[in-house]
Amino acid sequence: MTTTTTETTERTGARTTEAAELITGARERIDALDDRIIGLVQERMAVSAVIQKERIASGGRRVNLSREMEILSVYRDALGKPGTALAMTLLELCRGRI
């Protein structure tokens, strides 16, 4: 299927062909980055599951709140207030709701 210039500019919201092409390329890069981020999150979840399993097997608690506070701080320092929300989401994905 051939994409026309009008379809490309309409799909991207751009007003010129050059801008539409740049946006299309940048979106492809974002899609590739998102695929990598999702893979890393899934890997983080698997590693977290190992840690949680071993902690519980050794008689410890499922969640280590002081470690979670460290993680929240790292994300907040790196990304500001939205980083805290991102870290909370990652923590919930990795350990479940508490």
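Residues numbered from 1 in each chain as written. Predicted model: local features only at pLDDT ≥ 70, side-chain atom pairs only at ≥ 80, totals over all residues. Heavy atoms only, no water.

## Description of the confidence of the model for the protein
Predicted coordinates in areas of low pLDDT are best not read in detail. Confidence in the prediction of the protein, expressed as mean pLDDT, is 93, and 95% of residues score 70 or more. Confidence scores differ between elements of the protein, with helix 1 (residues 5–12) showing the lowest mean pLDDT of 80 and helix 3 (residues 65–79) the highest of 98. (pLDDT = per-residue confidence, 0-100. Helix = DSSP H or I, 4+ residues; strand = E, 2+ residues; numbered from the N terminus.)

## Re the environment of Y75
If you trace the backbone, Y75 turns up in helix 3. Note: C-alpha distance between Y75 and G60 (15 residues apart in sequence) is 26 Å. Setting aside chain neighbours within four positions, we find Y75 in contact with G80, G83, L86, A87 and L90. (Contact = heavy atoms within 4.5 Å.)

## Points about the environment of L40
As for its position among the elements, L40 is in helix 2 (residues 17–57). A relative accessible area of 55% means that L40 is categorised as exposed. Along the backbone, L40 and R62 are 22 residues apart, and their C-alpha atoms lie at a distance of 22 Å. (Buried < 20%, exposed > 50% of the residue type's maximum accessible area, 1.4 Å probe, protein only.)

## What about the environment of T12?
Tracing the chain through its elements places T12 in helix 1. The buried category is assigned to T12, whose relative accessible area is 10%. Considering only alpha carbons, one finds T12 and R27, 15 residues apart in sequence, at a separation of 9.3 Å. Once residues within four sequence positions are removed from consideration, T12 is found in contact with A20, I23, T24 and R27. Polar contacts involving the side chain of T12 include one to the main-chain amide nitrogen of A14, which spans 3.2 Å. (Polar contact = N/O pair within 3.5 Å; in protein donor to acceptor, adjacent residues only side chain to side chain.)

## Remarks on the packing of helix 3 against helix 4 (residues 81–95)
In the contact formed by helix 3 and helix 4, the axes pass within 7 Å of each other and the chain directions differ by 145°. As helix 3 packs across helix 4, the resulting crossing turns out to be right-handed. Contacts between helix 3 and helix 4 involve E68, I71, L72, Y75, R76 and L79 on the former and, on the latter, K81, P82, G83, T84, L86, A87, M88, L90, L91 and R95. Along the lines of polarity and charge, the residues of the contact of helix 3 with helix 4 split into 10 nonpolar, 2 polar and 4 charged. (Axes fitted to C-alpha atoms, helices over the stretch in contact; angles between N-to-C directions. Left-handed = near helix turned anticlockwise from the far one by under 90°. Nonpolar A, V, L, I, M, F, W, Y, C, P; charged D, E, K, R; others polar.)

## Examining the pattern of salt bridges
Taken as a whole, this structure holds 3 salt bridges when the rule is applied. One salt bridge connects E92 with R97, and the closest N-O pair in it is separated by 3.0 Å. The exposure class assigned to E92 is partly exposed, which follows from its relative accessible area of 36%. Take R97: its relative accessible area is 68%, and that puts it in the exposed class. (Salt bridge = Lys/Arg side-chain N within 4 Å of Asp/Glu carboxyl O.)

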